[in-house]
Amino acid sequence: MRVSGAGILASSSVLEIAATILILVLLILILISCCFKPWRRYFSPLAPTSAKVDDIERPLISEDPVLSESLNWESASGNTTGRSSLQGENHLGLPQSILDESKQATGQPVSSISGHSSSLVPHSANTFDDSSVGLTLKHATEAQLRKTGEDLHGTGRGLFNDFVPTNDLNLRSTLLLEVVSGPSCGSQYSFQSKNSSKLQVSIGRVSPGDVILKDSEVSGKHAMINWNVNKLKWELIDMGSLNGTILNSVAVQLPQYKNRCWSDPVELSNGDTITLGTSSKISVHITFQTIQNFPFGIGKASDSMALRRGGKKLPMEDVCFDRWPLPGLDQFGIFGIYDGHGGANAATSASEIMLEAIAGILSNTFRREKVLSYCDASDVLREAFYETEAKINHYYEGCTATVVLVWIDDEANFFLQCANVGDSACVVSTGGILIKMTEDHRISSHSERLRIEALGSPLRDGETRICGMNLARMLGDKFLKEQDVRFSSEPYISEVAQMNSSRDGFALLASDGFWDVVNVKRAVQLVHQALDKNRAEGENCADNVANVLLTEARTLRTKDNTSIIFLDFTHRERRKPLSVK
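First, a word on scope: everything that follows refers to the structure included in this document. (Residues numbered from 1 in each chain as written. Predicted model: local features only at pLDDT ≥ 70, side-chain atom pairs only at ≥ 80, totals over all residues. Heavy atoms only, no water.)

### Observations concerning the overall build of the protein
Note the cut-off: Secondary structure elements are taken from DSSP: a helix is a run of H or I of four residues or more, a strand is a run of E of two residues or more, and numbering for both begins at the N terminus. Accessible area is worked out with a 1.4 Å probe on protein chains only. A residue is then buried under 20% of its type maximum, exposed over 50%, and partly exposed in between. Contacts between residues were defined by any pair of non-hydrogen atoms, one from each residue, lying within 4.5 Å. For the area figures, the Shrake-Rupley method with a 1.4 Å probe applies, and any residue is considered shielded solely by the protein chains shown.
A count of helices and strands for the protein gives 13 helices and 24 strands. Counting across all 581 residues of the protein, residues that qualify as buried make up 49%. Considering only contacts in the protein between residues 6 or more positions apart, those separated by 24 or more positions represent 64%. Surface summary for the protein: the accessible area is close to 29,100 Å², and the carbon and sulfur share equals 53%.

### A few points about the packing of aromatic side chains
Note the cut-off: Planes of paired rings set the category: under 30 degrees apart is stacked, over 60 is edge-to-face and the rest tilted, where pairs are Phe, Tyr or Trp rings (Trp by its six-membered ring) whose centres lie within 6.5 Å.
This model, assessed by the stated rule, comprises twelve aromatic pairs. A ring pair is formed by Phe-296 and Phe-414, whose centres lie 5.4 Å apart and whose planes are at 85 degrees; its orientation type is edge-to-face. With Phe-296 in the loop between β11 (280-290) and β12 (297-303) and Phe-414 in strand β17 (residues 414-421), the pair connects residues that are 118 residues apart, well separated along the chain. Taking the relative accessible area as the measure of exposure, Phe-296 reaches 3% and is therefore buried.

### Let's talk about the sheet that holds strand β9 (residues 266-267)
Remark on secondary structure: sheet strands pair via backbone hydrogen bonds, oriented parallel or antiparallel. We apply this condition: Pairing between strands is defined by DSSP: at least two bridges between them are needed.
Pairing is mixed in the open sheet, where five strands are placed in the order β4-β3-β5-β6-β9. Edge strands, defined here as strands with exactly one partner in the open sheet, are β4 (211-212) and β9. In terms of strand pairing, strand β3 (residues 200-204) meets β4 through two bridges, oriented parallel. Residue Ile-203 lies in a different strand from β4, and its bridge partner there is Val-211.

### With respect to the state of the cysteines
What counts is decided by this rule: Throughout, disulfides are identified as pairs of cysteine sulfur atoms within 2.5 Å of each other.
The tally for this structure, following the rule as stated, stands at zero disulfides. Cys-418 takes part in no disulfide bond, and the closest cysteine sulfur, belonging to Cys-426, lies 4.7 Å away.

### Describing the pairing of strand β18 (residues 425-430)
Taken across its six residues, β18 has six buried, putting it largely inside the fold. For β18 and strand β23 (residues 505-510), the ladder comprises six bridges, and the chain directions are antiparallel. When the sheet's bridge partners are listed, Val-427 is paired in β23 with Leu-508. For β18 and strand β19 (residues 433-436), the ladder comprises four bridges, and the chain directions are antiparallel. For Val-428, the partnering residue across the bridge sits in β19 and is Ile-435. Here β18 folds back onto β19 in antiparallel fashion, the turn holding two residues, of which Gly-431 has a positive phi close to 60 degrees.

### Observations regarding unusual backbone geometry
The amide bond that connects Ser-207 to the next residue, Pro-208, takes the cis arrangement and shows omega of 0 degrees. With an omega of -10 degrees, the peptide bond between Trp-324 and Pro-325 qualifies as cis. Among the structural elements, Pro-325 can be located in the loop between β13 (318-323) and β14 (332-341). For Cys-375, which is not glycine, the phi torsion reads 50 degrees and is therefore positive.

### Concerning the pattern of salt bridges
Using the following cut-off: Basic side-chain nitrogens of Lys or Arg form a salt bridge, by our definition, when they fall within 4 Å of a carboxyl oxygen of Asp or Glu.
Taken as a whole, this structure holds 16 salt bridges when the rule is applied. The partner of Arg-382 in a salt bridge is Glu-490, with the nearest N and O atoms 3.8 Å apart. With Arg-382 in helix α8 (residues 378-391) and Glu-490 in the loop between α10 (478-483) and β21 (492-493), this pair connects stretches of sequence that are 108 residues apart. When the shortest N-O distance is used, the salt bridge between Arg-473 and Glu-448 registers 2.9 Å. A residue pair is termed long-range when its members are at least 10 positions apart, and Arg-473 in the loop between α9 (446-454) and β20 (475-476) and Glu-448 in helix α9 qualify at 25 residues.

### A closer look at the environment of Met-499
In this structure, Met-499 sits in strand β22 (residues 497-499). For Met-499 and Phe-415, which are 84 residues apart along the polypeptide, the C-alpha to C-alpha distance reads 6.1 Å.

### Quick look at the sheet that holds β18
The condition that has to hold: In this analysis an axis means a line fitted to C-alpha atoms, helices contributing only their contacting stretch, and an angle means the value between N-to-C directions, from 0 to 180 degrees.
Within the open sheet, the five strands sit side by side as β12-β24-β23-β18-β19. Their pairing is antiparallel. Unpaired on one side and paired on the other, β12 and β19 mark the two borders of the sheet. Across the sheet, the axes of successive neighbouring strands diverge by a mean angle of 15 degrees, strand direction being ignored. Contacts between helix α12 (residues 520-536) and the sheet are confined to β18, β19, β23 and β24 (562-568), with β23 contributing the most and set at about 125 degrees to the helix. Contacts from helix α13 (residues 542-555) reach β12, β23 and β24, with the element oriented near 25 degrees to β12.

### Structural notes on the side chain of Asp-477
We apply this condition: His is not counted here, nor are the chain ends, while Lys and Arg score as positive and Asp and Glu score as negative. Whenever a nitrogen or oxygen atom comes within 3.5 Å of another N or O atom, the pair is scored as a polar contact, on the condition that within protein one atom can donate a hydrogen and the other can accept it, and that pairs from neighbouring residues in sequence are kept only if both atoms are in side chains.
Of note, Asp-477 is situated in the loop between β20 and α10. Within the buried core, Asp-477 has no salt-bridge partner, and the shortest N-O distance to an opposite charge, that of Lys-481, equals 6.5 Å. Polar contacts involving the side chain of Asp-477 include one to the main-chain amide nitrogen of Gly-398, which spans 3.4 Å. Setting aside residues no more than four positions away along its own chain, Asp-477 makes contact with His-341, His-394, Tyr-395, Tyr-396, Glu-397, Gly-398 and Met-469.

### A short note on a nonpolar patch on the surface
We apply this condition: Like charges within 9 Å and nonpolar side chains (Val, Leu, Ile, Met, Phe, Trp, Tyr) within 5 Å are joined into patches, using only residues over 30% in relative accessible area that form no salt bridge.
A cluster of nonpolar side chains, namely Ile-17, Ile-21, Leu-22, Val-25, Leu-26, Ile-28, Leu-29 and Ile-32, defines an oily patch on the protein surface of about 740 Å² accessible area. With respect to the helices and strands, the residue Ile-17 is situated in helix α1 (residues 2-36).

### Some words on α12
Test applied: The span expected for a helix works out to 1.5 Å for each residue beyond the first. The arc refers to the directions leading from the helix axis to the C-beta atoms.
Counted at 1.5 Å a residue, the expected span for α12 with its 17 residues is 24 Å, and the 25 Å between its end C-alpha atoms agrees. Among the residues of α12, Ala-523, Val-524, Leu-526, Val-527, Ala-530, Leu-531 and Asn-534 are the ones counted as buried. In an axial view of α12, the angular spread of the buried residues amounts to 160 degrees, which keeps them on one side of the axis. When the buried face of α12 is taken as reference, the exposed residues oriented beyond 90 degrees from it are Lys-521, Lys-533 and Ala-536. Looking at the buried residues of α12, the elements they touch are β19, β23, α11 (512-515), α13 and β24. With a side-chain oxygen positioned 3.3 Å from the backbone nitrogen of Lys-521, the residue opening α12 is Asn-519.

### What about the nonpolar core?
Put simply, the rule reads: What we call a nonpolar core is a set of buried Ala, Val, Leu, Ile, Met, Phe, Trp, Tyr and Cys residues that are connected through their side-chain atoms within 4.5 Å.
Grouped together as the largest cluster of nonpolar side chains are 35 residues, with contacts concentrated most on Phe-332, Tyr-338, Ile-358, Leu-362 and Leu-405. At the level of secondary structure, the elements contributing two or more residues to this core comprise β13, β14, α6 (345-362), α7 (365-374), α8, β16 (401-408) and β17. Discounting chain neighbours no more than four positions away, the residues touching Leu-405 are Phe-332, Gly-333, Ile-334, Ile-358, Leu-362, Ala-377, Leu-381, Phe-415, Leu-416 and Gln-417. Membership of the second largest hydrophobic core comes to 25 residues, among which are Trp-227, Leu-236, Leu-247 and Ile-286.

Structure, rendered in structure tokens:
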């Protein structure tokens with residue numbers, strides 16, 4: 001019995017050792033399998049397949065190591081907005097006509113990109129160069145897809161929302177940068193591609209600079225936006241910043257701590273978002289306009305002035321509007337500033353309705369000839385204001401409106417006439433004579449108090465508001481007008497100011513944020529100084545003057561939205577007389 005028991009114990013020990021060895025071997029095999037994953041070649045859904053003749057000639061994703069690093073960083077950031085799943089018969093959901101045109105232009109069908117069923121990383125002019133994208137996809141997007149489809153770049157906007165013409169010397173682009181988050185939230189900056197002094201826009205924390213962000217995470221000279229005259233595109237460049245620059249969640253350049261060098265230029269599109277540091281974000285608005293040899297200079301500048309209220313968010317409620325010439329009316333144009341209160345919706349609606357109203361009235365041959373013959377558009381402006389007030393459907397929002405109608409006769413003489421409600425103002429200088437084109441409709445003004453007194457409801461001494469409003473005339477605010485008859489939308493119509501072909505002059509429109517801190521005399525002085533500087537430097541740019549005036553208001557710490565439109569007749573084109581239609 002003892003011998004038998006010892007044998008059993010020995011056998012049990014051997015089995016335990018064998019089991020231990022077997023477990024160790026299994027663990028080793030499992031570790032080897034996890035490292036080398038030999039099953040991938042049998043079960044991978046992306047197993048290589050034979051390529052057809054009409055497949056894409058080049059890969060969609062470049063093997064360039066720099067590009068791969070950028071894509072890997074994007075994946076690590078969790079960004080998937082730049083990818084678009086292939087859906088539908090043609091995988092892009094595009095009209096067949098577009099696909100047919102693309103096939104004719106490239107010799108290959110767009111549907112040939114369906115070689116894989118996985119997500120497609122599309123071509124984006126903002127991130128990849130020509131070698132990064134298959135020919136078929138590149139030609140289809142740039143040549144045919146500008147007018148339709150969903151944007152495949154960054155945030156999923158409409159693809160190429162603003163049609164960009166090909167290389168055209170008469171193309172002008174406006175770049176509007178709006179700071180939407182961070183310590184400088186609310187600031188706006190506008191730049192023109194035709195302004196030779198602002199073809200390089202610097203962004204940083206310290207002066208001198210074009211866009212100043214008071215953010216400790218932003219480098220002193222952080223980034224730059226250039227206008228590429230060959231491609232007719234705005235391009236973003238990181239200037240070796242410490243915390244990097246991000247465009248639509250994709251790194252333009254990763255943070256650099258040792259070798260701080262500039263990044264390659266990346267093309268910008270309308271609706272892009274630029275992130276500097278972690279909190280400062282800039283929204284990009286790009287518009288294109290074909291220049292039609294404007295007979296005078298047009299400059300615009302605006303700023304919400306959010307920083308003047310301790311960095312608190314201050315919405316931009318001003319709307320600047322200009323149109324020269326009017327649709328179908330080569331001799332007429334309008335320029336206006338609409339200052340909203342309670343929001344910008346009423347101001348936006350008023351600017352659109354006013355354009356339609358004035359263009360509609362002047363499309364009548366009799367009405368148009370009457371203006372040109374008598375040099376007076378009072379009836380046109382008054383009727384347009386009445387029509388706008390009748391059509392604007394805002395009960396709890398309203399806006400001021402200062403509108404200047406400009407027309408030219410067959411002797412190349414310009415005529416300006418202004419209509420306004422509210423406290424935005426316009427002044428005109430012609431032949432050294434200064435003309436005030438607007439009337440102040442604040443309740444504190446003498447003319448308004450006399451008008452209200454004539455209604456039988458005089459204001460008490462020191463009373464400067466009615467129902468909380470400091471304005472007595474505005475567009476919209478239907479609820480207030482129903483509650484108190486002292487509110488009105490009746491416009492003030494100015495006399496006609498004439499700019500003879502032999503005279504120099506200018507017109508200045510500005511919202512109350514400017515006039516609150518700058519008087520007329522000082523404004524005229526700044527205009528002349530800026531014009532003299534332009535002449536000395538050989539420049540002729542109304543935008544320079546507008547920005548000088550805006551800078552003055554900013555320096556004097558205005559606390560309201562500020563918008564400026566400057567019309568420069570000083571260096572107008574001396575052209576041949578026009579024939580009146």
